Amino acid sequence: MALFENEYHVPLLSPQVAALLAPRGTRAARLARRGTRTRVAALALFLFNIVAVISYPDLSDAGLKDHMLWGALMLVLAVYGPGRFSLDRALSR
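All of the points below concern the structure found in this document.

Reading the values: the criteria
The residue count restarts for each chain, going from 1 along the sequence in the order it is written. Under the rules for a predicted model, residues below a pLDDT of 70 receive no local features and side-chain atom pairs below 80 are neither given nor counted, while totals for whole chains, interfaces and linings still include all residues. The side-chain numbers reported here are obtained from all heavy atoms of the structure, hydrogens and water having been left aside. The helix count covers DSSP runs of H or I at least four residues long, the strand count covers runs of E at least two residues long, and both are numbered beginning at the N terminus. Note on definitions: a residue-residue contact is assigned when non-hydrogen atoms from the two residues lie within 4.5 Å. Helices are assigned an expected span. That span is 1.5 Å times one less than the residue count. Exposed residues in this analysis have more than 50% of their type's maximum accessible area, buried residues have under 20%, and partly exposed residues fall in between, with area computed by a 1.4 Å probe over protein chains only. The directions from the helix axis to the C-beta atoms form the arc being described. Two joining distances apply to patches: 9 Å for like charges and 5 Å for nonpolar side chains (Val, Leu, Ile, Met, Phe, Trp, Tyr), and every residue must have over 30% relative accessible area and no salt bridge. Using a 1.4 Å probe, the Shrake-Rupley method yields the accessible areas, and only the shown protein chains count as cover for residues. One side-chain nitrogen of Lys or Arg within 4 Å of one carboxyl oxygen of Asp or Glu is enough to make a salt bridge. His is not counted here, nor are the chain ends, while Lys and Arg score as positive and Asp and Glu score as negative. By convention, charge coordinates are those of NZ in Lys, CZ in Arg, CG in Asp, or CD in Glu.

## Re unusual backbone geometry
At step 1: Phi is positive for Leu 12, close to 70°, though the residue is something other than glycine.
At step 2: With respect to the helices and strands, Leu 12 occurs in the loop between helix 1 (2-6) and helix 2 (15-34).

Next comes the structure, spelled out in structure tokens:
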């Protein structure tokens, strides 16, 4: 809670709501890593990444480039899916 009150100022959200929503990003990362619900998880991580960039004003140029790369990778997963060797594909059969 202290991070969202003092350091990460998320636009349009109170610190309490932002602190409650932040663990959802971690859950989305676990889903994507396991290969389940990959498209939804990748889209959630893409949005989480945007909020991180907007809410952290002291982000360096190198950090911004990293976030742009991560965002692009998440968009690729969201658009094309996880691939033929994923749990998503095995469960859909």
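The rest of the description comes next.
## Observations regarding the side chain of Asn 49
At step 1: Structurally, Asn 49 is set in helix 3 (residues 38-55).
At step 2: Those residues within four positions of Asn 49 in sequence are excluded, and the remaining contacts are His 67, Trp 70 and Gly 71.

## Some remarks on helix 4 (residues 61-80)
At step 1: Taking 1.5 Å of rise per residue, the 20 residues of helix 4 would be expected to cover 28 Å, and the 29 Å separating its terminal C-alpha atoms lies within 8% of that figure.
At step 2: Here helix 4 has its buried residues at Gly 63, His 67, Gly 71, Met 74 and Ala 78. The arc that holds the buried residues of helix 4, viewed along the axis, is 75°, so those residues lie on one side. Relative to its buried face, helix 4 has exposed residues pointing more than 90 degrees away, namely Asp 61, Lys 65, Met 68, Val 79 and Tyr 80.
At step 3: Along its buried surface, helix 4 packs onto helix 3.
At step 4: Of the residues one or two after helix 4, Gly 81 is the one with positive phi, at around 85°.

## Focus on the environment of Tyr 56
At step 1: Structurally, Tyr 56 can be placed in the loop between helix 3 and helix 4.
At step 2: Owing to a relative accessible area of 28%, Tyr 56 belongs among the partly exposed residues under this scheme.
At step 3: Spatially, the C-alpha atom of Tyr 56 lies 7.1 Å from that of His 9, the residues being 47 residues apart in sequence.
At step 4: Leaving out residues up to four positions away in the same chain, Tyr 56 has contacts with Glu 7 and Tyr 8.

## Quick word on a positive patch on the surface
At step 1: A grouping of Arg 24, Arg 27, Arg 30, Arg 33, Arg 34 and Arg 37 is seen on the molecular surface, where their side chains present a positively charged patch.
At step 2: Note that Arg 24 resides in helix 2.

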